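Here is how the chains run, residue by residue.
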Amino acid sequence: MAARRKAPRRRAKKSFNVSAIELGTALSLSQASGLSSSVKMALDGNIAGGLENLQKSVMASKNKIVGTLGAAFVAKALTKGFSSGTLAKLGPIRVKA
């Protein structure tokens, strides 16, 4: 009787992709909206104050937020033509356009 073969195991990918445009947009939006101070307030127990602070920050910098989103949209449209899309690779992290 022949020995049975074990089923091949699939290995998880050892790298992951990070979109440079999306990451930059997210960081810019979190900075423009004062997200860090609002989250800190909410974690300290003042959830209503954190949400109110976030609302005031967003309303005060809405022009910057709209500009950031517009620039991200244009950048994504322009980079659709890149063949590989990879801007850099650092260990398991690939920075894509």
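Chemist: Looking at this structure, how should I read the packing of helix α1 (residues 20–32) against helix α4 (residues 62–78)?
Modeler: Contact geometry of α1 with α4 gives a least axis separation of 10 Å together with a crossing angle of 180 degrees. As summarised for this structure, α1 and α4 are arranged roughly antiparallel, according to the angle between their axes. Contacts between α1 and α4 involve Ile 21, Glu 22, Thr 25, Ser 28, Leu 29, Gln 31 and Ala 32 from the former and Lys 64, Ile 65, Thr 68, Leu 69, Ala 72, Ala 75 and Lys 76 from the latter. Here the contact of α1 with α4 is built from residues that sort into 7 nonpolar, 4 polar and 3 charged.

Chemist: When you look at a nonpolar patch on the surface in this model, what are you seeing that I'm missing?
Modeler: On the surface, a nonpolar cluster with roughly 280 Å² of combined accessible area is contributed by Leu 35, Val 39 and Leu 43. Tracing the backbone shows Leu 43 in helix α2 (residues 35–43). When its relative accessible area of 71% is taken as the criterion, Leu 43 is described as exposed.

Chemist: How should I be thinking about the pairing of strand β2 (residues 86–90) in this particular structure?
Modeler: The side chains of a regular strand alternate between both faces of the sheet. Of all 5 residues in β2, 0 are buried, a share of ten percent or less. By the bridge criterion, 4 bridges tie β2 to strand β3 (residues 93–96) in an arrangement that is antiparallel. Across the sheet, Thr 86 pairs through a bridge with Lys 96, a residue of β3. Where β2 folds back on β3, the antiparallel hairpin that results is connected by 2 residues, among which Gly 91 adopts a positive phi of roughly 60 degrees.

Chemist: Can you help me understand the side chain of Ser 57 in this one?
Modeler: Following the sequence through the fold, Ser 57 ends up in helix α3 (residues 47–60). In contact with Ser 57, other than residues within four places in its own chain, are Ala 32, Ser 33 and Gly 34.

Cut-off values and rules
- Residues numbered from 1 in each chain as written.
- Predicted model: local features only at pLDDT ≥ 70, side-chain atom pairs only at ≥ 80, totals over all residues.
- Heavy atoms only, no water.
- Axes fitted to C-alpha atoms, helices over the stretch in contact; angles between N-to-C directions.
- Helix = DSSP H or I, 4+ residues; strand = E, 2+ residues; numbered from the N terminus.
- Parallel < 35°, antiparallel > 145°, perpendicular 65-115°, else oblique.
- Contact = heavy atoms within 4.5 Å.
- Nonpolar A, V, L, I, M, F, W, Y, C, P; charged D, E, K, R; others polar.
- Patch = residues over 30% accessible without salt bridge, like charges linked within 9 Å, V, L, I, M, F, W, Y side chains within 5 Å.
- Areas by Shrake-Rupley, 256 points an atom, 1.4 Å probe, with all protein chains shown as cover.
- Salt bridge = Lys/Arg side-chain N within 4 Å of Asp/Glu carboxyl O.
- Buried < 20%, exposed > 50% of the residue type's maximum accessible area, 1.4 Å probe, protein only.
- Pairing = 2+ DSSP bridges.

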